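Take a look at the letters that make up each chain.
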Amino acid sequence: MTTITTRTVEYLADGLTMIGHLALPAGADRRPAVLLGPEGMGLSDVERRRADALAELGYVALAFDLHGGRYLDDPEEMLARCMPLLADPDRMRDIGHAALDTLRAEPRTDPDRIAAVGYGTGGAIALELGRAGVDLRAIGTVNGLITGRPGEAAAIRCPVWAGVGSEDPIMPPAQREAFTAEMQAAGVDWRLVVYGGALHAFHHPPVDHTTLPGVGHHPQHAQRAWHDVVGLLTDCLTPAE
């Protein structure tokens, strides 16, 4: 296994002190980088392990925070924070920009080769960075097929890959259609993968607390979605050997 280095990083966003998880690959050279966003519950060991896995593949990876170091395991509290956030593109962009600035400030990061990948709320933030015209090499979103303000998707300058469960009641067919219509109208290079039989947050391992209805883990599709995300990064960032 490749030796990696990890550390926590603090930065300000949305009026909070955010606590992200930075994972660095072996070596001292500049590497392509990935901004990794969590589901609405917030940053957990799931995203930290994913950042570590990306570092093992040769990427600088920052798993960013949503709630000032907190993990919101109460669905009502999570919705109370995330629903207003998802309705406010400027707040999402501020959170994304602050994390992106932190990633860019890492000396190992190649500033010309950065991708943003997110799950749920984190995926919506990745998309808003694209709609804000941020120079990214790729955007990936799982469960976060959130449409933006009219016309702003035209500012997206990179391929967009999206994944969703076919049985996801939070991102139902009408939401998928609105998202893909937005991408198509904007001329974005987009792909959508629908994972048959999967619910919302199908990629996330089971948790020991109450979740929203319609949430459920699908082990096979979780592996497939991860493989698809890694493929996106390989295609768009092509880390040097």
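Refer to the structure above for everything that follows.
What counts and what doesn't
- Residues numbered from 1 in each chain as written.
- Predicted model: local features only at pLDDT ≥ 70, side-chain atom pairs only at ≥ 80, totals over all residues.
- Heavy atoms only, no water.
- Core = buried A, V, L, I, M, F, W, Y, C linked by side-chain atoms within 4.5 Å.
- Buried < 20%, exposed > 50% of the residue type's maximum accessible area, 1.4 Å probe, protein only.
- Helix = DSSP H or I, 4+ residues; strand = E, 2+ residues; numbered from the N terminus.
- Contact = heavy atoms within 4.5 Å.
- Patch = residues over 30% accessible without salt bridge, like charges linked within 9 Å, V, L, I, M, F, W, Y side chains within 5 Å.
- Areas by Shrake-Rupley, 256 points an atom, 1.4 Å probe, with all protein chains shown as cover.
- Salt bridge = Lys/Arg side-chain N within 4 Å of Asp/Glu carboxyl O.
- Lys, Arg positive; Asp, Glu negative; His and termini not counted.
- Charge placed at Lys NZ, Arg CZ, Asp CG, Glu CD.
- Polar contact = N/O pair within 3.5 Å; in protein donor to acceptor, adjacent residues only side chain to side chain.
- Axes fitted to C-alpha atoms, helices over the stretch in contact; angles between N-to-C directions.
- Parallel < 35°, antiparallel > 145°, perpendicular 65-115°, else oblique.
- Nonpolar A, V, L, I, M, F, W, Y, C, P; charged D, E, K, R; others polar.

A. Summary view of the nonpolar core. The biggest cluster of nonpolar side chains holds 41 residues, and the ones touching the most others in it are Leu35, Phe64, Leu103, Leu136, Ile139, Ile156 and Val160. The dominant element in this core, judged by the number of residues it contributes, is helix 3 (residues 89-105), at six residues. Apart from the residues lying within four places of it in its own chain, the contact partners of Val160 are Leu127, Ile139, Phe179, Met183, Val188, Asp189, Trp190 and Arg191. Residues Leu36, Ala138, Phe202 and Cys236 belong to the second largest nonpolar core, which totals 25 residues.

B. Geometry of a negative patch on the surface. Among the surface-exposed residues, Asp73, Asp74, Glu76 and Asp208 lie close enough to one another that they form a single negatively charged patch. Locating Asp73 in the fold gives a position in the loop between strand 4 (60-63) and helix 2 (75-86).

C. Highlighting the side chain of Arg31. One can find Arg31 in strand 3 (residues 31-37). Exposure remark for Arg31: the relative accessible area of 10% places this residue in the buried category. Here Gly58 takes part through its backbone oxygen, which lies 2.9 Å from a polar atom of the side chain of Arg31.

D. A look at the packing of helix 2 against helix 3. Taken N-terminus to C-terminus, the directions of helix 2 and helix 3 make an angle of 100°; their axes are 6 Å apart at the nearest point. Of the possible angle classes, the one that applies to helix 2 and helix 3 is roughly perpendicular. Across from Arg81, Pro84, Leu85 and Leu86 in helix 2, the residues of helix 3 making contact are Arg91, Met92 and Ile95. For the contact of helix 2 with helix 3, a count of residues per class yields five nonpolar, no polar and two charged.

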